[in-house]
Amino acid sequence: RKDLKSTLKEAIPEKVESFKYVKSNLGDKSFGELKVSTILGGMRGNRSVLWEASTLDPNEGIRFHGLTIKDCQKKLQKSQAEADSPLSEMLPESMFWFLLTGKLPSQEQINDFTAQLAENAELPGYLHTLLDSLPSTLHPMTQMSIAISALNHDSLFAKAYERGIPKTEMWEYVFDDVINLVAKLPAIAGKIYQNTFYEGYMRSNSLQTLGEINKKKDISYNLASLLGMTKNDSVNLKGLSETDSSDFVNLIRLYCALHADHEGGNVSAHATHLVGSALSDPYLSYSAGIQGLAGPLHGLAAQEVLRFIVAMKESLVKGSEMPSDEQISTYLWDILNSGRVIPGYGHAVLRRPDPRFEAMVDFGLARPSISKSDVHFKLVHQLSKVAPGVLKEHGKTQNPYPNVDSSSGVLFYHYGITETMYFTVIFGVSRALGPLAQLVWDRILGLPIERPKSVNLQTITNAFGK
Ligand code: AMX
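In this text, all values refer to a predicted model and were calculated from it rather than measured experimentally. (Residues numbered from 1 in each chain as written. Predicted model: local features only at pLDDT ≥ 70, side-chain atom pairs only at ≥ 80, totals over all residues.)

What follows concerns the overall build of the protein. Within the protein, the regular secondary structure consists of 22 helices and four strands. Its C-alpha atoms give the protein a radius of gyration of 23 Å, near enough to 23 Å, the size a compact globule of 466 residues would have. Counting only C-alpha atoms and orienting by the principal axes, one finds that the protein spans roughly 70 × 65 × 55 Å. Here the protein holds 466 residues, and the buried ones make up 45% of them. In the protein, the proportion of contacts linking residues at least 24 apart, taken out of those at least 6 apart, comes to 71%. (Helix = DSSP H or I, 4+ residues; strand = E, 2+ residues; numbered from the N terminus. Rg over C-alpha atoms; globule rule 2.2 N^0.38 Å. Buried ≥ 20, exposed ≤ 12 C-beta atoms within 10 Å, placed from the backbone. Contact = placed C-beta atoms within 7 Å.)

See below:
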């Protein structure tokens, strides 16, 4: 008697043949308003998600309400205490305000908003207990999605919905939940770091923490503090100097502002929007976004890139001597010939080097301790000149250029966040900003539940008479 898996195995060849037939013979045909290739090809280019705050041009990159990254770096508010420092970066709080309202905030507005977030940053007791109960071997992204999902316990929107509220009032409760979630993300991320890599620092049986929430500081500072990376509010495990500690905070600010939004079709944004369309509260919705971000073709690439760069360094860098372009090229061909992808390269929409990658590289280039002395950073930079040629010759990827994940991990690594498994959690803190801002608008506009129509291969084939 055949079991389930063997029965399935038997059905595969016929279905794969049918899939190949439809893809190669009917791909160009219009099926309703779409091409058959769009249905089979991950809905590429299909304009069907309403998204207000950002748009992605294949050749130019992201614009936030019409502003480029460089415009945002000039116009969005910094921390008031460091506003005059040329090395100080825009605040993610400022980016969130801008994404949500389309208006540039004043310094005073951002000071107040930053204080409001810090005031709400502490986690409820049950979340500490829940996170403490998870094995430290559980991937940090899984821990993050569990924690965010559990905050549904306190959802004002879910409670109001249960009481019964008109559709026109929903957005106000969603807004309150969104602010609460954004405020708590640094503490969630910090606790996951401590539980996973520094067990004992923040377990409930220990009063010690690597750092604490400072109510006078912004979310990036507080995240850095909880990672043990600030001079004054942390144990400063890595022994960072004053300058490095302040640079690390600015790295988080830049990273979180840049990764906040990348229009609505990427997996984390779309998952949040889709789940929210069922009127699941913002915690459940963003928890779904985090699960998508945890995929290696999306946010997990940040971890994959760093592992790849560290392995390349071990194999190719001898002492202080950097490898030749030819050696890098051979190394890449070995990976491609074994059927693997080059992590940090390619993009579903972009057709040029990602301007977010360039902004992160500029951060490193502005600091000689990174640009002149950090071998991993130098390797990333050199790789970005060599890999596009190799990928073009390989001939598969439509975009042979570096994407955002190519450069970020190496900068965290430079300052001592060497736990590669953790990088995507910082992405998760950042990515909340855009999709959650859109979720508020989804409810303001009263968007309906998402329900595309699915079709099977037989229906497509029949439509064209085979
Ligand atoms: N290395 C090798 N091959 C690649 C490649 C890469 N970096 N990028 C794409 N290709 C291959 C694809 O695997 C595909 O091969 P197949 O036809 O045998 O399946 C072919 O090129 C065509 O792919 P595409 O249309 O150019 O890309 P896509 O839209 O299907 O996928 C992406 C986009 C990002 C998933 C893909 O480029 C990739 O896997 N890159 C490496 C992982 C990565 O860096 N992900 C992070 C993306 C940014 C983010 O979301 N955080």
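In this model, helix H9 (residues 170-197) (28 residues) spans 40 Å end to end at C-alpha, consistent with the 40 Å of a helix rising 1.5 Å per residue. Of all the bends in H9, the greatest, near 40°, is centred on Lys-184, and the proline Pro-186 appears no more than four residues after it. Of all 28 residues that make up H9, 20 are buried, and the element is covered over most of its length. (Expected span 1.5 Å × (residues − 1). Bend = angle between axes of the 7 residues up to and from the residue.)

Our focus in this paragraph is the domain arrangement of the protein. Here the protein is partitioned into domain 1 (73-297 + 420-444) and domain 2 (301-415). Each of domain 1 and domain 2 was reduced to a C-alpha centroid, and the two centroids are 28 Å apart. Between domain 1 and domain 2, the contact holds 18 residues from the first and 17 residues from the second. Element by element, the count of residues in the side of domain 1 that touches domain 2 is highest for helix H11 (residues 242-258), at seven residues. (Domains from an automatic or database assignment.)

Before going further, it helps to examine the confidence of the model for the protein. Mean pLDDT over the protein works out to 94, with 98% of the residues at or above the 70 mark. Here the predicted complex scores 0.94 on pTM and 0.97 on ipTM. (pLDDT = per-residue confidence, 0-100.)

Following both chains from N to C, one finds helix H6 (residues 125-133) and helix H7 (residues 140-150) inclined at 155°, their axes separated by 10 Å at the closest point. Classified by the interaxial angle, the pair formed by H6 and H7 is roughly antiparallel. Here the hand of the crossing between H6 and H7 comes out right-handed. Residues Leu-127, Leu-130 and Leu-131 of H6 pack against Gln-143, Ala-147 and Ala-150 of H7. Class assignment for the residues of the contact of H6 with H7 results in five nonpolar, one polar and no charged. (Axes fitted to C-alpha atoms, helices over the stretch in contact; angles between N-to-C directions. Parallel < 35°, antiparallel > 145°, perpendicular 65-115°, else oblique. Left-handed = near helix turned anticlockwise from the far one by under 90°. Nonpolar A, V, L, I, M, F, W, Y, C, P; charged D, E, K, R; others polar.)

Let's shift gears to the pairing of strand S3 (residues 54-57). What you see with S3 is a clean split: Ser-54 and Leu-56 sit on the buried side and Thr-55 and Asp-57 on the side with no burial. By the bridge criterion, four bridges tie S3 to strand S4 (residues 61-64) in an arrangement that is antiparallel. Residue pairing in the sheet places Thr-55 in a bridge with Arg-63 of S4. With antiparallel pairing between neighbouring strands as the criterion, S3 and S4 make up a hairpin whose turn holds three residues. (Pairing = 2+ DSSP bridges.)

In this section: the nonpolar core. Within the largest apolar cluster, 113 residues are counted, with the highest numbers of intra-cluster contacts made by Met-95, Leu-99, Leu-181 and Ala-257. Sort the elements by how many residues they give to this core and H9 lands first, with twelve residues. When neighbours within four sequence positions are excluded, Ala-257 is seen to be in contact with Cys-72, Leu-76, Met-90, Leu-91, Pro-92 and Met-95. (Core = buried A, V, L, I, M, F, W, Y, C linked by C-beta atoms within 7 Å.)

As a further point, take unusual backbone geometry. Phi is positive for Met-43, close to 60°, though the residue is something other than glycine. Among the secondary structure elements, Met-43 is positioned in the loop between helix H2 (36-40) and S3. By the C-beta count within 10 Å, which is 16 here, Met-43 ends up partly exposed. A positive phi is found at Leu-279, a non-glycine position, where the angle reads about 65°.

Next up on the list: helix H5 (residues 107-119). Between its first and last C-alpha atoms H5 spans 18 Å; for 13 residues at 1.5 Å apiece the expected length is 18 Å, and the two agree. Residues Ile-110, Thr-114, Leu-117 and Ala-118 constitute the buried set of H5. All buried residues of H5 fall inside an arc of 95° around its axis, so they share one side. Pointing more than 90 degrees away from the buried face of H5 are the exposed residues Glu-108, Asp-112, Gln-116 and Glu-119. The inward-facing, buried residues of H5 abut helix H4 (92-101), H9 and helix H10 (219-226). (Arc of directions from axis to C-beta.)

As a further point, take the environment of Lys-20. With respect to the helices and strands, Lys-20 occurs in helix H1 (residues 4-26). What makes Lys-20 exposed here is the crowd of 10 C-beta atoms within 10 Å. A C-alpha to C-alpha distance of 10 Å links Lys-20 and Leu-40, two positions 20 residues apart in sequence.

Time to look at the environment of Glu-450. Here Glu-450 shows up in the loop between helix H21 (433-444) and helix H22 (457-463). C-beta crowding within 10 Å serves as the criterion here: with 15 such atoms nearby, Glu-450 is assigned to the partly exposed category. It is 8.5 Å that separates the C-alpha atoms of Glu-450 and Val-275, two residues lying 175 residues apart in sequence. Contacts of Glu-450, omitting those with residues within four sequence positions, involve Leu-274 and Ser-277.

Let us look at the packing of H4 against H21. The geometry of a pair of packed helices is captured by two quantities: the angle between their axes and the separation between those axes. Relative to each other, H4 and H21 sit at 30°, their axes nearing to 9 Å. Comparing their axes, H21 and H4 come out roughly parallel. At the point where H4 passes H21, the crossing takes the right-handed sense. Residues Pro-92, Met-95, Phe-96, Leu-99 and Leu-100 of H4 pack against Leu-433, Gly-434, Ala-437 and Val-440 of H21. Of the residues assigned to the contact of H4 with H21, the class counts are eight nonpolar, one polar and no charged.

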